[in-house]
Amino acid sequence: MSPDREIPLLTGRHISKRFGTFTANDDINFDIHAGEIHALLGENGAGKSTFVKLVYGLLSPDEGQFLWHGAPVEIRSPQAARDMGIGMVFQHFSLFDVLSVAENIQLALPAGISLSEVKERVITVSAEYGMTLSPDARVGDLSVGEQQRVEILRCLLQNPSLLILDEPTSVLTPQEADQLFAVLRRLRDDGCAILFISHKLDEIKALTSKATILRAGKKVTTCDSASTSAKELAELMVGAALDNSMRTPPVLHKGADSLFCVAQVSRPAATAFATALQDISLSVMSGEILGIAGIAGNGQTELMEVLSGEAIGDVTAGKIELDGVSVAGLGPDMRRQKGMRCVPEERNGHGAIINMSLSENALLTASHEPDNVSASGLVSWVKCHALSRKIIGSYDVRTPHHDPLAGSLSGGNLQKFMIGREMMSRPRLLIVAQPTWGVDIGAAQAIRAAMRRLLEDGTAIIIISQDLEELLVMSHRICVLNQGQLSEPLPAQDVTAESIGLMMGGITNSVSERAV
Amino acid sequence: MMRLTPRPYVSPHQLLLVPVLSVLLSIILGGLIFAALGYNALDALYQFFVAPLSRPDQIGNLFVKACPLIIIGTGLVFCYRANIWNIGAEGQLIFGALGAGWVALYLPESWHFMMLPLMILGGMIAGASLAAVPAFLKTRFQTNEILVSLMLTYVAGLVIDWLVRGPWRDPMSFGFPLTPYYPDAALIGKLSLPVVGKLGQLHWGILIALCVSGLGWFILSRTLAGFKVRVAGDAPRAARFAGFSPNIVTFSVLLVSGALAGLAGMVEVSANMGQLQPQISFGYGFTAIIVAFLARLNPAAVILAALIVALSELGGDSAQIAMGIPKVVTGVFKGILLFMLLAGETITRYELSFDLRMTGGKMSRGDADV
Amino acid sequence: MYDELLLTVLLTSVPLILAATGELVVERSGVLNLGVEGMMLMGAVAGFGVTSLSGSPYIGMLGGATAGALTAALFGFFVLGLATNQVATGLALTIFGTGLSGLIGAPLVGQAIDGLPVFIVPLLSDIPVLGVLFRLDLLAYLSIGLVAGTSFVLFRTRAGLVIRAVGDNATSAHALGYSVLKVRFYTVMFGGMMAGLSGAYLPLVLTPHWAEGMTAGRGWIALALVVFASWQPWRVVGGAVLFGGVTIMQLAGQARGWSVSPQFLSMLPYLATIIVLVAMSRGGRAERGAPAQLGRIFLPPR
């Protein structure tokens, strides 16, 4: 193949995509050439996924135009993208666990190709790229890395000229990642263009020749990834440094012992896509906010379940103490009675029940209060309603009528309700995941202000969030959760967006040595 | 292509409309079936739904039929609310009748003043113990409760058959498979109402049924236990977050529904038969499933739902006598009614649209657990 | 004596094999149809009625299969078209089928028909004891053929591959361009046809009469057999013969003058079902071989 180096393989011109009032992609210009590995870099929510979905025909742009070999195209569906020669490997695979490798691949090929032919091609092509795969193996029995090879192989058998990989290494061990890179370099040498989405700076430096950086839906720049330092890349990804005046005032109760302490807690992964927690240790003192940063999928959900008590059966090692007394054996309701309150990330069906009224949702985490439920087990709906009214009043929750279903509230208002519900009890410890995720700016500010007010009563707060800016503004100390491991916390004033970005990208490892 | 789009919000009016429309549609479809079978549809529908209400004693009998349906249906509401599929209420009813029958037949005479309370207790314990089997297997081994509870219904039918033909048979029954008559203390008497007096076969059991329904409504809507049942069924993950144990909920709802089915068995025999025989139920345990759905899983609405379904049972009798329509047509009507209720559920939860174009595009997932 | 017993075991197991094999394919595609009992009853009454009208048990057989498939189409419309709860819809189908079969069959009660004739394979049928294997009716032979065919289609053809893929991961199958609902509708129809054949076997071979509810729970046992077979067609045959064996223990008991009451012997198949279910429910769903999507509603993305 001798690709024309002058005309890019794929060009995006002024690509914009909006969801309601939210602009996910804003006027993005983009070029990728044949035989090039091109990184798409950005924080969560920067617009990377939206952009590749546009390229792969899963979404269509509101404005702008794609060019393929210099000619305008409209990519209407994934099928159309595949027919053009675009292949995509998703972060969560679309494989069939109970079927064999060959059967999985056969399903993606046109009818009429026999299973034995498929097996032969699997063997040839996988040998060609140094990906050992047995065509008869059951996909469910394969490691995640091997499953990814099946996905890649499925794309390769369709001879793509552009291959998109969405955070391919997030599920891989370092060795598997190295093997993947070898395959991708082979492909590049054969003239295939590769669009590689990642937030891991070392990988981008090692693998790609160009990097396009997105922030808040806009393209920041396209740079030469080899000649740009990791530090510069991190800065471009996260943005400017913070104004110190916006930070939470220092801890009031200085010198106090830690109120809540977790030491060497481990939890094995429940499924292939879950993250195992290894040796998690953290502590937080009264009046302090501890921020836990990290990209989604690095163990946030699992950690929340351990802290809330939902996962008491799964924790294999370590201790969890409140005031020096172990709470490791207590379920969520018992922990709540001791003053530990949690707000999980998922509102729908986890932190709230959308088919039930706000009064009922108020009772969900207040059923041990004798006010709401008498000793004989009778619920006082009058009191629950009063509680819900109080939450609504104190935390400015906008409701359509006096006791609506939780599902009829907007996301931001339901979030305020859920956080208010837990704050109402003046907790000793509040653990919040993604406090302002999907919430408008006004509501986000209200939530942050309410959390700060709580500090004055000596409440300790743990915030688990992907929103770096929020963590930098809110926290006293920050640590990073990366691949199920938690780094040592750093004082927030010593942390810059850049240094934490490097930690999240796995470059500076106070996170612990990555096994090699 | 027919397409379903989830509705973001469902108004309470729509929810009320579903059972009403379902009943109406089922009646219309029932009429079509009568016509297809060669009967005059209007006459048949009159015999089915109006004739049974034309005499006061018939109204009493309507309540007699509805009585076990109310009691069992209330228990099933608890199960289905918790997303536990007990379909073995028929067997639990039989076991309840046996538990109560054992008390009635063997309680010493000096204890007869305690007869009915002890029979109620015996019936409820026996019914609950049969339901405890799927409860235990479900919580311990995740065994499917649907098949286990159903298999036990067949077993229960054979147990009663064995008892009334063997150990418990009345030696004076001339070889008929019947136990001795219960002592008077073990019988539930006919109810005499003020002004109208006795109404057909109406008995005191209906008061038990009304109490059960009321109590069921109270527990489900006014107690923490009821709240836990609702949360566990509606949002299991939220239940774990709140700290409600799913196993305790599973066990409780199965025991409650088993106990209530057992109570229904006790009432049926004591009020209507006065002795045990191989056949003591006429599918009440299965019919109650439809009652629970028709009531939209609300224990208070179970009374009305049971009356509607009981009317179709009586109507079957009346249509058979007057027009020779086979009584099993009631079963067809019940099946159609359940289908209509399920379709109504879909129409309230999804927007139905028909489009002939192929639309490409967005990905979204629509998986939902059973 | 022994060949008589063996024959009874085989005849008892045929309807279970047919119904369970059909349901197995349905469940392989991710749909749980609890209405097997209702479809069998429709098959039974149609099989009996058509035979009685046409005089030919073979046409009756087809009638049974058609009736089963039509009943299943009703289930398919609700579960696939209207996305109703599969458990409740299956129950509705059983209640409906029980009622409708009784209604259709009311004038048939008391009639008798000539059932399926026995085919005697020369020579082989003279083998002592095992010879009964070659003195069966057409449908019994056919049931084994259908198991073989099902096994072949499921594991050796592209159609079977698609069925298994849809039952394992409907979203991925849809993304690859397969119509999940169409595939499922076909399997549901196949399951209904098999249940219809199974029901027709009762009046055509076992007892030459029609009686309301004559399936006596066989549809439910077939459902349990699918679990017992861990969704593998050939294991259905083994399981059905085992159940047949348990069922006829009462006959054997009576013949040998056992002192156990017949009711207890009649309980054995039901109790055995429960024991099997418990034994098979240890370990996770996937380890047992249950299709991952079983009982889940799939709405095609817009």
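These lines cover the structure that appears in this document, whether it is placed above or below. (Residues numbered from 1 in each chain as written. Chains lettered and ligands numbered in written order. Predicted model: local features only at pLDDT ≥ 70, side-chain atom pairs only at ≥ 80, totals over all residues.)

**Some words on the overall build of chain C**
Across its full length, chain C holds 12 helices and 2 strands. Along its sequence from the N terminus, chain C presents helices and strands in the succession α-α-α-α-β-β-α-α-α-α-α-α-α-α. The principal-axis extent of the C-alpha atoms belonging to chain C is close to 65 × 45 × 40 Å. A total of 302 residues make up chain C; the buried ones form 57% of that total. In chain C, 78% of the contacts between residues at least 6 apart in sequence involve partners at least 24 apart. (Helix = DSSP H or I, 4+ residues; strand = E, 2+ residues; numbered from the N terminus. Buried ≥ 20, exposed ≤ 12 C-beta atoms within 10 Å, placed from the backbone. Contact = placed C-beta atoms within 7 Å.)

**What to know about the overall build of chain B**
Across its full length, chain B holds 13 helices and 4 strands. Dimensions along the principal axes, computed over C-alpha positions, put chain B at roughly 75 × 55 × 40 Å. Sorting the 370 residues of chain B into buried and exposed places 54% on the buried side. When contacts within chain B are restricted to residue pairs at least 6 apart in sequence, long-range pairs at least 24 apart make up 77% of them.

**So, the packing of helix α3 (residues 56–81) of chain B against helix α12 (residues 302–323) of chain B**
All names here are of chain B. In the contact formed by α3 and α12, the axes pass within 7 Å of each other and the chain directions differ by 130 degrees. As the angle between them shows, α3 and α12 are arranged oblique. Between α3 and α12 lies a crossing whose hand is right-handed. In this structure, α3 uses Q58, N61, L62, K65, A66, L69, I70, G73, T74 and V77 to contact α12, whose residues at the interface are V302, I303, A305, A306, L307, V309, A310, L311, E313 and L314. Of the residues assigned to the contact of α3 with α12, the class counts are 14 nonpolar, 4 polar and 2 charged. (Axes fitted to C-alpha atoms, helices over the stretch in contact; angles between N-to-C directions. Parallel < 35°, antiparallel > 145°, perpendicular 65-115°, else oblique. Left-handed = near helix turned anticlockwise from the far one by under 90°. Nonpolar A, V, L, I, M, F, W, Y, C, P; charged D, E, K, R; others polar.)

**Topic: the pairing of strand β3 (residues 37–41) of chain A**
Residue and element names in this part refer to chain A. Where burial is concerned, most of β3 is hidden: 5 out of the 5 residues are buried. Burial of β3 is two-sided: the residues I37, A39 and L41 facing one way and the residues H38 and L40 facing the other way are all buried. Two strands pair when backbone bridges link them, and β3 and strand β8 (residues 193–198) are joined in this way by 5 bridges, in the parallel orientation. What sits directly across from I37, in β8, is I194. Here 4 bridges tie β3 to strand β9 (residues 210–215), and the two strands are oriented parallel to one another. Looking at the pairing, A39 lines up with A211 of β9. (Pairing = 2+ DSSP bridges.)

**Considering the nonpolar core**
Counting residues in each nonpolar core, the largest one holds 382 residues, and the members touching the most others are I72 and V291 of chain B together with A20 and L225 of chain C. Considering every element that reaches this core, the biggest residue donor is helix α8 (residues 180–206) of chain C, with 15 residues. A domain-level breakdown of this core finds at least three residues from each of domain 1 (10–238) and domain 2 (244–339 + 425–504) of chain A. Excluding its chain neighbours within four sequence positions, the residues that come into contact with L225 of chain C are L16, A20, V236, G239, A240 and F243 of chain C. (Core = buried A, V, L, I, M, F, W, Y, C linked by C-beta atoms within 7 Å. Domains from an automatic or database assignment.)

**Some words on the interface of chain B and chain C**
In many analyses, interface size is given as the accessible surface area lost on bringing the parts together. Each partner contributes to the interface: chain B provides 51 residues, whereas chain C provides 47 residues. Only β1 (2–6), α5 (115–141), α6 (145–165), α11 (284–294) and α13 (329–349) of chain B provide two or more residues apiece to the side of chain B that touches chain C. Considering each element in turn, the side of chain B that touches chain C owes the most residues, 13 residues, to α13 of chain B. Per-class residue counts for the side of chain B that touches chain C are 31 nonpolar, 13 polar and 7 charged.

**Side note on unusual backbone geometry**
Residues and elements named next belong to chain A. Residue E167 is not a glycine yet carries a positive backbone phi of 40 degrees. By the element assignment, E167 lies in the loop between β7 (162–166) and α6 (174–189). Even without being glycine, D323 reaches a positive phi, approximately 55 degrees. Its location among the elements puts D323 in the loop between β14 (317–322) and β15 (325–326). The class of D323 is partly exposed, set by 15 C-beta atoms lying within 10 Å.

**With respect to the sheet that holds β14 of chain A**
Residues and elements named next belong to chain A. Reading across the sheet, the 4 strands line up as β12-β11-β14-β15 and stay open at both edges, with antiparallel pairing between neighbours. The two strands at the open ends of the sheet, each matched to only one other strand, are β12 (277–285) and β15. Relative to β12, strand β11 (residues 258–267) runs antiparallel, the two sharing 6 bridges. The partner of V265 across the bridge, within β12, is I280. Packing against the sheet, helix α9 (residues 300–308) makes contact with β11 and β12, and its axis sits at approximately 60 degrees to β12.

**Digging into the interface of chain A and chain C**
In this assembly, 13 residues from chain A lie in contact with 11 residues from chain C. Secondary-structure elements contributing two or more residues to the side of chain A that touches chain C are α2 (78–84) and α3 (101–108) of chain A. Here the side of chain A that touches chain C takes 4 residues from α3 of chain A, the largest share from any one element. Looking at the side of chain A that touches chain C residue by residue, the class counts come to 8 nonpolar, 3 polar and 2 charged.

**Section: the environment of V212 of chain B**
Its location among the elements puts V212 of chain B in helix α7 (residues 205–222). Along the chain, V212 of chain B and L130 of chain B lie 82 residues apart, while their C-alpha atoms are 20 Å from each other.

**A short note on the packing of α11 of chain B against α12 of chain B**
Residues and elements named next belong to chain B. Put simply, α11 and α12 touch, their axes get as near as 8 Å, and they point 130 degrees apart. Classified by the angle their axes make, α11 and α12 are oblique. Between α11 and α12 the crossing geometry is right-handed. Of α12, the residues touching α11 (which contributes T287, I290, V291, A292 and L294) are V302, A305, A306, I308 and V309.

**Some remarks on the environment of S179 of chain C**
By the element assignment, S179 of chain C lies in the loop between α7 (170–175) and α8. The spacing of S179 of chain C and V166 of chain C is 13 residues in sequence and 8.8 Å in space, taken between C-alpha atoms.

**Points about α13 of chain B**
Compared with an ideal rise of 1.5 Å per residue, which puts 21 residues at 30 Å, α13 of chain B spans 31 Å between its outermost C-alpha atoms and is within 8% of the ideal. Across the 21 residues that make up α13 of chain B, a large majority, 17, are buried. (Expected span 1.5 Å × (residues − 1).)

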